[in-house]
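# A structural walkthrough
So you can see what is in the structure, the chains are spelled out below.
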Amino acid sequence: MSESRTSADGGMETSYGFREVPGGEKQGLVNQVFHKVAKRYDIMNDVMSMGMHRVWKDAMIAALNPRKEPGYKVLDVAGGTGDIAFRIVEASGRQAHATVLDINGSMLGVGAERAEKKKLSGNLTFVEANAEELPFEAASFDAYTIAFGIRNVPRIDVALAEAYRVLKRGGRLLVLEFSEVDMPLLDTIYDAWSFNAIPQFGKAITGDAEPYQYLVESIRKFPNQENFAAMIRQAGFSRVSYTNYTGGIAALHSGWKL
């Protein structure tokens, strides 16, 4: 299969890394990856981003700037371990309520355990469901966040349409995702790190290199910044923009339901 990125017209729904799979099979394969890495998800992100994911996530929360009001409701999708939701609740002065949605029960289990330890359970709800078919009424949330999860959703256009549906008027979408590096030297270094080092670190950490190989390949298949911004606009969002982090290794996309 071609290693070239998919476009705003789609392609991720049948792309399992660099391998083409029949429609409908990708979700099951992705689920297996995250069942394998759930207990070591934070370590995985440290390896994938060289530790920078923590800085990027903090920048995402700063951009969101959650209101310090009890009625403020956020839906964090593909956020099973709670990493983003915890940050949002703390940034709101423990006023906001975050619903953490993930299709993977193993990831949610890790998040629920962490929430108990942090004494944040009262501010959180954990829901096992699919981003392509959200079990919520329209106009239910003030914000929708998803960090490093959208590229694992087979039908990204459907997930974005669902995000638009469940947001209130004036609500905001924030998507943090690995993206296309826009600096030539960094591009070369990052490719070498990704394809040579990350799978080997993954094998050393978890005993299995395959999940990390998929994750690295999925980053290279995901639409670049401009194409993904176009997909967000196609879903109905306004004032769509993005900010590159670390030379485009990651990008934060923003859109509003106006």
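Residues numbered from 1 in each chain as written. Predicted model: local features only at pLDDT ≥ 70, side-chain atom pairs only at ≥ 80, totals over all residues. Heavy atoms only, no water.

Condition: UniProt positions are given in the numbering used here, feature names are shortened, and annotations may be inferred rather than shown by experiment.
By the naming in an unreviewed UniProt entry, the protein is Ubiquinone/menaquinone biosynthesis C-methyltransferase UbiE, taken from Rhizobium binae. As recorded by UniProt, the Sequence similarities (unreviewed entry) comment attached to the protein reads in full: "Belongs to the class I-like SAM-binding methyltransferase superfamily. MenG/UbiE family." Regarding the protein, the UniProt comment filed under Function (unreviewed entry) reads as follows: "Methyltransferase required for the conversion of demethylmenaquinol (DMKH2) to menaquinol (MKH2) and the conversion of 2-polyprenyl-6-methoxy-1,4-benzoquinol (DDMQH2) to 2-polyprenyl-3-methyl-6-methoxy-1,4-benzoquinol (DMQH2)."

## Re the pattern of salt bridges
The cut-off we apply is this: We define a salt bridge as a side-chain nitrogen of Lys or Arg found within 4 Å of a carboxyl oxygen belonging to Asp or Glu. Working definition: helices are DSSP H or I runs of at least four residues, strands are E runs of at least two. Numbering for both runs from the N terminus. The classification of residues rests on relative accessible area computed with a 1.4 Å probe and restricted to protein chains. Under 20% of the type maximum is buried, over 50% is exposed, and intermediate values are partly exposed.
All told, the structure shown has 13 salt bridges when counted by the stated rule. Where lysine 168 meets aspartate 142, a salt bridge forms, and the shortest distance between an N and an O atom there is 3.5 Å. Note that lysine 168 is positioned in strand 7 (residues 167-178) and aspartate 142 in strand 6 (residues 141-147), a separation of 26 residues in sequence. What makes aspartate 142 buried here is its relative accessible area of 12%.

## Here we look at the sheet that holds strand 8 (residues 238-245)
The test is simple: Any two strands with at least two DSSP-identified bridges between them are counted as paired. Here, axes are lines fitted to C-alpha atoms. For helices the fit covers the stretch in contact, and angles between N-to-C directions go from 0 to 180 degrees.
Taken in spatial order, the seven strands of this open sheet run 5-4-3-6-7-9-8, and their pairing is mixed. Of all strands in the sheet, those bounded by a partner on one side alone are strand 5 (124-128) and strand 8. In this sheet, adjacent strand axes meet at a mean angle of 15 degrees when their direction is disregarded. Taken together, the five bridges between strand 4 (residues 97-102) and strand 5 define a ladder with parallel strand orientation.

## Structural notes on the nonpolar core
Operational definition: In this description, a nonpolar core means a group of buried Ala, Val, Leu, Ile, Met, Phe, Trp, Tyr and Cys residues linked to one another through side-chain atoms lying within 4.5 Å. Contact criterion: two residues are considered in contact whenever any of their non-hydrogen atoms come within 4.5 Å of each other.
Of all hydrophobic cores here, the largest spans 37 residues; its most connected members are Met48, Trp56, Leu176 and Phe178. Per-element accounting of this core gives the leading share, five residues, to helix 8 (residues 210-221). In this structure tryptophan 56 touches Ser49, Phe148, Leu176, Phe178, Tyr245, Thr246, Ile249 and Ala250, once residues within four positions along its chain are discounted. Within the second largest apolar cluster, 31 residues are counted, among which are Phe141, Ile156, Leu160 and Val175.

## Here's the deal with helix 7 (residues 184-206)
Heads up, the condition is: Working rule for helices: expected span equals 1.5 Å times residues minus one. Two axes are fitted around each residue, one to the seven residues ending there and one to the seven starting there, and the angle between them is reported as the bend at that residue.
Spanning 23 residues, helix 7 covers 32 Å between terminal C-alpha atoms, matching the ideal 33 Å at 1.5 Å per step. In the structure, helix 7 departs most strongly from a straight axis at alanine 197, where the bend amounts to approximately 40 degrees and where the proline proline 199 lies between one and four residues downstream. Among the residues of helix 7, Tyr190, Ser194, Ala197, Ile198, Pro199 and Gly202 are the ones counted as buried. One or two positions beyond helix 7, positive phi appears at glycine 207, with a value near 85 degrees.

## Structural notes on the packing of aromatic side chains
The way to describe two aromatic rings as a pair is by their centre distance and the angle between their planes. Let me state the cut-off plainly: In this scheme Phe, Tyr and Trp rings, the latter by its six-membered ring, pair at centre separations within 6.5 Å, and the angle between planes marks the pair as stacked below 30 degrees, edge-to-face above 60, and tilted otherwise.
As enumerated under the stated definition, the model contains seven aromatic pairs in all. Ring centres 5.1 Å apart and planes at 85 degrees place the aromatic pair phenylalanine 136 and phenylalanine 141 in the edge-to-face group. The exposure class of phenylalanine 136 is buried, given its relative accessible area of 18%. Taking the centre distance of 5.0 Å and the plane angle of 55 degrees together, the rings of phenylalanine 222 and phenylalanine 228 count as tilted. Linked through ring pairs, Trp56, Phe148 and Phe178 together constitute an aromatic cluster.

## Quick look at the UniProt feature "binding site: S-adenosyl-L-methionine" (unreviewed entry) in the protein
In the numbering adopted here, UniProt assigns the feature "binding site: S-adenosyl-L-methionine" (unreviewed entry) to Thr81, Asp102, Asn130 and Ala131. Looking at the element boundaries, threonine 81 is found in the loop between strand 3 (73-77) and helix 4 (83-91). Looking at the element boundaries, alanine 131 is found in the loop between strand 5 and strand 6.

## A short note on the pairing of strand 4
The test is simple: By convention, orient the strands away from the viewer: a clockwise path from the first strand over the helix to the second makes the crossover right-handed.
Among the six residues in strand 4, five count as buried, and that is most of the element. Examined bridge by bridge, strand 3 and strand 4 share five bridges and lie parallel to one another. Counterpart to leucine 75 in the pairing with strand 4 is threonine 99. Taking the sense of rotation as the criterion, the β-α-β connection linking strand 3, helix 4 and strand 4 turns out right-handed. Crossover connection from strand 4 via helix 5 (residues 105-118) to parallel strand 5: handedness right-handed.

## Focus on the packing of helix 3 (residues 53-64) against helix 4
As a reminder, the rule being used: Oblique is the label for every angle not falling under 35 degrees (roughly parallel), over 145 degrees (roughly antiparallel), or within 65 to 115 degrees (roughly perpendicular). With the far helix as reference, a near helix turned anticlockwise by less than a right angle produces a left-handed crossing, and one turned clockwise produces a right-handed crossing. Under this grouping Gly is polar, as are all residues other than the nonpolar Ala, Val, Leu, Ile, Met, Phe, Trp, Tyr, Cys and Pro and the charged Asp, Glu, Lys and Arg.
One can describe the packing of helix 3 onto helix 4 by two numbers: an axis separation of 10 Å at closest approach and a directional angle of 45 degrees. Our classification of the angle between helix 3 and helix 4 gives oblique. Crossing of helix 3 over helix 4 shows right-handed handedness. Across the interface between the two elements, His53, Arg54, Lys57, Asp58, Met60, Ile61 and Leu64 of helix 3 pack against Asp83, Ile84, Arg87, Ile88 and Ala91 of helix 4. Partitioning the contact of helix 3 with helix 4 into residue classes produces six nonpolar, one polar and five charged.

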